Amino acid sequence: MSQNSPPQPPPPPPRGRLLVNPLTRTFEPRPPPPRGRLLPGPNWTICSVPPKPPSRGRIVVRPADQDPPPPPRAEIVHHPISNKEIVGAPAPSDPSPAAPPLALPAPPPPDNENTNPSCKYDAFISFRGTDVRQTFLSHLFAHMNDERHVLTFKDDVNLKRGDKISPTLIDAIEKSSSYVVIFSPNYANSDWCLDELVKILECSRKYQRKMVPVFYGGVTPSHVRNRKGSYGDAFAEYEKKLPSKEMEAKLKTWTAALKEAANISGFDSLVTKPERHLVEEITRTILGAIRQTYSPIMEGLVGIDQDIEDVEKLLSFDDENDNRIIGFWGMPGIGKTTLAKAMFHKIDAEKFQGVHFIENFAAQLKKTQVIDLQNELFYKLLGDDEKAHVMPTNVKLDRVGRVRSFVVIDDVTMDSLRAVEELLHGKSCNLFKSGSRIILTSTDRQVLKNVRCQEVHQVKGLDDDKALQLLSSYAFRKDRPPSEFMERCKKIVSYASGHPLALKVLGAALLGRSTGYWDCALDKLKKIPNKEIENLLMISYDGLSVEEQSVFLDIACFFNHEDCNFVTRVLDEDLVLNLVDKSLLLINRAKGEIEMHGMLKDLGKKIVRKERMLEKRSRLWKAKDLQTLLNKNMGTEATEGILLNMSKTKEVVRANTSTFERMMNLRLLSIQVAKKRSVISAHVLPLSIKSKKVVVREELKSLSGELRLFEWDLFPATSLPSEFSPRNLHVLRLKHSNIRQLWESDNVDLGNLKELNLFSSKYIRRLPDLSTAKKLEVIDLTSCTSLDEIHDSIIYNPKLQTLILNSCGRLNPNFLDHAKGDQSQAFPSLKEVNLDNTMIKQVPYLIKSAPLLSKLSCSSCPEISEFPEILPSMEALIELDLSYCKGISSIPDTIRILSSLEKLDISGTGIVEVPSSVLDLRRLSMLRYAKCEKLLRAPTSYKKLVRLKTLDDSGCDMLINKNPELPDTLEYVSDEDEDQVD
C-alpha cells in the first residue's frame, strides 16, 4: 500500500456476544466473571480503532457452555468506568515499559452468596413473542439497544424451547443489571415466561436491581395481580394438570410472583401514550437504573466529593446553549484521572447522546495515529452505524455536529497538544452540538490554556483526615487504623502530603504487616523513595528542558518552603513559573512561599545523589559533606550549589580559600548560621549562634563569576574578594557581616543585581554608586548603625521597590534633599519604605511623591514633630505607621485624601483628637491609637467603616468616649471595648 493511501478500517472482531455499554460505548465480550466483586483495575486501554458492531436488531447467541473466542493478540482488561472486563487494544509487537498504575485494586471482600455478580447486560427483556415480537418489542429494543445503546438481552426466536427455562437465560438474567417485563395478554400462557419472572424477581430482591413492569395490550395491574382475564384463563389450564405436586408448587410460586410484580411501579400502555412516548419513558427509567448499577466506581473514593461539586458548577450542565471545555490540572498521581472517571460516571445519560473517554492520550499517540483515535471518537459518538468509520470526513463532521457529546481526554501533554487540536478540529468544541462538554486532564497548566479551556480546576492533595482514611482503607480495609498503628500511619500521611497514589501504593504494600515491618518501611522511605511512585514522578522530570531540570533540582535541594520573591530573584522567574504550570511547584499565596511536594523534593535530591563522588556532585546541602569538602579542599568545577546550615553542625567549619576559587561554575552559595532565616534577622544574635561560623584560613581573592546567590551570615571579610566579578549576581545577602565596603571601585557591573541585604552589618559606612544595578528591587540596610551616606543613584533606579533603613541611627536626616536630576522621575517603582528609629525630622518629599508608594513606616522617630504633609500622589498608600512619634500632636483633615488606606497606626503619639475625617477612610481595616496619653476625643461611632476588623484604643486614659458604636465586621477590639462588642 502506498504511503498516500487513506487509512483502512480495521477488521471486525470475532463474532460473539458483543454488546454496547451505554456509558462507554465499548463492545464487551462475555468472559466468565471471577468470584467476588470486581474493583477498578490499575490501567486499561481503549482500542484505537473501533470493532465492527453486531447486526442491527439481532443478538447472536452461542451455546451456554461455549464462550466467544477473544480477538487475536488482544487482552482482557478492566473498563475504567463500569469495571467490566472488556477487550483491550492488541498488544504492540515491541511494547514500551508499562507506566505504573494510577490506582491499586483494593483487596476483594469475603465471598458472600449475595455478592452482586459482574453484569454483562444492562437490561433483560422478558416478553411473550407471539404478542409483541414484531410490534412493540421491536420498537423498544431498537430504541434501547440501537439508539440509546443500552446493552439489552432478549431471547431470540431461534432459542430451543423446553419444559424448563434454559441455563442460557438463567445466566443472562443473573448477568443483567435491570429488567423489563412486558405483561401482554398471552404472557401467562407461557410457563417459560413465568419461570423467567420468578428468576427476575429473585435477582431483583437479592442484588437490589431495578425491575420495570410494562402492562401492554389492554392488560392492567389488576389482571396480573388477581389473575383476571387471559391470566385467569391461563392459570385455569395449568390447574387442569393438578394434582401434580410439581405443578402445585409452581402455581403458588407463579401466583406470588405475579402479585409482587403487579405491585411494582411500572408503565401502562393505556395510560402512557403514544407508544413512542412509552418506549422513551421505559428507556429513561432503565438508564437511571444503570447509573445506580455502576455506582461501585465511586466506592473507595475518599475526599473527592468537594471536587465533584466544584466541577459540576464549572461544567454547568443545565446550560445547553454553549459548549464548554474544562481542564483538570495537578501533579502526577494526584487524582486527575480518578476525578475525570467520577465525573464521566455521574453524567446524566439523558443529556448527552454521545460519550467517550480517551485515557492516556499522550501514551496512545506513541502506538497509533491521530486519525485512528479520531475515527474511534466519531464511531463512539455516532453509535453503532457500521459505516461510521468509513464515511467521508465532512459527513462525519456534520453528523457529530448534531450530537450533544461528553468527551474526556486524559493526560494531554505539550507534545500531544497538536494532536488534540486535530482530534477536535480546532481549539474549541464547536465540533459538537450546543450543550456538549469536554474535560481534559494535564500536569501542565499551559497546555490547558493553549486549548482555551474556559475553566481550569486544580486537583489538590487530601487533607490529613482524608489521607488517613484512604491509607487505612488500603492498609487495614477500614476507615481508621488500629490504635497501635495510628502514629505510624500519621508519619506516612506526613510523608505522602496528601498524595492519593502514594497513600494507595504504600497502604497496599503494608497490608497485613507487623508493627516492626512498618517501622522498617518508614526508615527506608526516608532514604529510598518507593520505586513505583518515583517512576511516575520521573516521567514529569524527564519531560523538562535542561534549564527547567536545573531549576527543579535547585529548588528541591535548596529552596523548598522559601519566600517566593526571594526564589524568583535568585532563579529565572519564567522557569520557576513553568514548573508551577507543570504541577511540580506550588506557590502558597497565604504564606508567600514556594512549595514542592515532599516526594518531588526527595526525587530531586536522589537524582543529585546519583553523582556518587562528593567532589563531582553538582549540589551539596548536608553539613557533614560540606565539612569534608571545605576542610579537604575538594571543590571542583562540577559544584554548582552549596547550602551550608551551621545549625546542623556542632563544629566550626574551616575552609581553604582555594576551595572556593576552584569552584568555577558555582552559581549558588548560601552559608546560614541559624535553622531559619528569620532568626538571623534579629538585631542581636545569641552567642550560641555567633559561635557557629565558617573560618576562612586566608583572605578570599576570588569567587565564581557565575555566582547568582551570595549569602553568607557572619561573613568574616571586610570587603568582597577583589577579583570577584558580580556581573551575574542576583542576590547579595551579608547579614551580621564584618563588611566595611562592598567594592573598591564604584564602576562595577551590577546589571543583574535584584537584592542587596546588609542587615546588621555594623561597620559599613557608605552605600556605593548603584547606577549600574538597573534591576535592583530591594535594599535592606536594617541596623547598619555606622551608615551615614547613601549614594543618590538609588533615587532614579527604575526597579527599586523596597527601601529599608530601619535603625540606621547615623544616617544623615537630609540624605535625599540634595539629589541631582529630574526629581519628577524619582523612585518610579518604590512601594515600601521603612524609616523606623531614624533621626529624620520629616518624611522626605521624594519618598512621599513616589507614585506607587503603598507602605510607609516611620515608627519611633523622635525628631518628627508633625504629621507628614499629605500629597495627592499619596492616594495609593495602603499602610501608614507613625506610632510613637511623640512630636505629632494632631491629624490633618487632609487625611481623607488617603482613600486607599487600609491600616493606620498612630499609637503612642501626642494627638489630642482623632478627627471625624478618619471615617472617610472607607477601606480602613485596622485603626490603632493605643497609649495616646493626651487623647481626649474620638468618633462616637465607627459604623461607617464597614471593613474595620481591628480597633485598638487601649491605654488612652483621658479619652472621654470609650464605648463607640462598632461595625459588625470587627474581629479584634481592645479590652476597654470588649463589653461593647459582646
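All figures in this text were calculated on a predicted structure; none of them were measured in a lab.

J.: I keep staring at the sheet that holds strand β16 (residues 586-588) and nothing clicks. Help me out?
T.: Pairing between the strands of a sheet comes from backbone hydrogen bonds, and it takes one of two forms, parallel or antiparallel. Ordered by their spatial adjacency, three strands build an open sheet running β15-β17-β16, and the pairing between neighbours is antiparallel. The two strands at the open ends of the sheet, each matched to only one other strand, are β15 (562-563) and β16. Alignment of β15 against strand β17 (residues 593-595), held across two bridges, turns out to be antiparallel. Looking across to β17, one finds that D563 is bridged to E593.

J.: How do you make sense of the pairing of strand β19 (residues 641-645) when you look at a structure like this?
T.: Within a regular beta strand, the side chains point alternately toward one face of the sheet and then the other, so they alternate between its two faces. Most of β19 is tucked away: five of the five residues are buried. Alternating positions in β19 separate into two faces, G641, L643 and N645 on one and I642 and L644 on the other, with burial throughout. Note that strand β18 (residues 619-620) and β19 share two bridges and pair parallel. Its bridge partner lying in β19, R619 is registered against G641. The parallel pair β18 and β19, bridged by helix α25 (residues 623-631), forms a crossover whose chirality is right-handed.

J.: Where do I start with the sheet that holds strand β10 (residues 324-329) in this structure?
T.: Taken in spatial order, the five strands make up an open sheet running β11-β12-β13-β10-β14, and their pairing is parallel. The strands lining the two open edges of the sheet, one partner per strand, are β11 (354-358) and β14 (455-458). Ignoring which end each strand starts from, the neighbouring axes of this sheet average 15 degrees apart. Judged from the four bridges that link them, strand β12 (residues 405-409) and strand β13 (residues 437-442) form a sheet pairing that is parallel. Note on β13: the bridge partner recorded for I409 is L440. Contacting β10, β12, β13 and β14, helix α9 (residues 305-315) runs over the sheet at an angle of about 175 degrees to β14.

J.: Teacher, can you tell me more about the nonpolar core here?
T.: Looking at soluble globular proteins, one finds that nonpolar side chains tend to be buried together. Counting residues in hydrophobic clusters, the biggest one holds 111 residues, and the most contacted among them are F710, W712, L732, L781, F827, Y929 and Y942. Put simply, the parts of the chain that give this core at least two residues each are α25, β19, β20 (653-655), β21 (668-672), β22 (694-696), β23 (709-712) and α28 (845-848). In terms of residue count, the dominant contributor to this core is α25 (four residues). In contact with W712, other than residues within four places in its own chain, are F660, L669, I671, V694, V696, L700, R733, L734 and K735.

J.: Any chance you could explain the state of the cysteines here in plain terms?
T.: Here is the idea: a disulfide is a covalent bond, and it sits between the sulfur atoms of two cysteines. Using the criterion set out here, one finds zero disulfides in the structure. Free of any disulfide, C956 has its nearest cysteine sulfur in C932, 5.0 Å distant.

Conventions and cut-offs
- Residues numbered from 1 in each chain as written.
- Predicted model: local features only at pLDDT ≥ 70, side-chain atom pairs only at ≥ 80, totals over all residues.
- Heavy atoms only, no water.
- Pairing = 2+ DSSP bridges.
- Helix = DSSP H or I, 4+ residues; strand = E, 2+ residues; numbered from the N terminus.
- Buried < 20%, exposed > 50% of the residue type's maximum accessible area, 1.4 Å probe, protein only.
- Right-handed = clockwise from strand over helix to strand, strands pointing away.
- Axes fitted to C-alpha atoms, helices over the stretch in contact; angles between N-to-C directions.
- Contact = heavy atoms within 4.5 Å.
- Core = buried A, V, L, I, M, F, W, Y, C linked by side-chain atoms within 4.5 Å.
- Disulfide = S-S within 2.5 Å.

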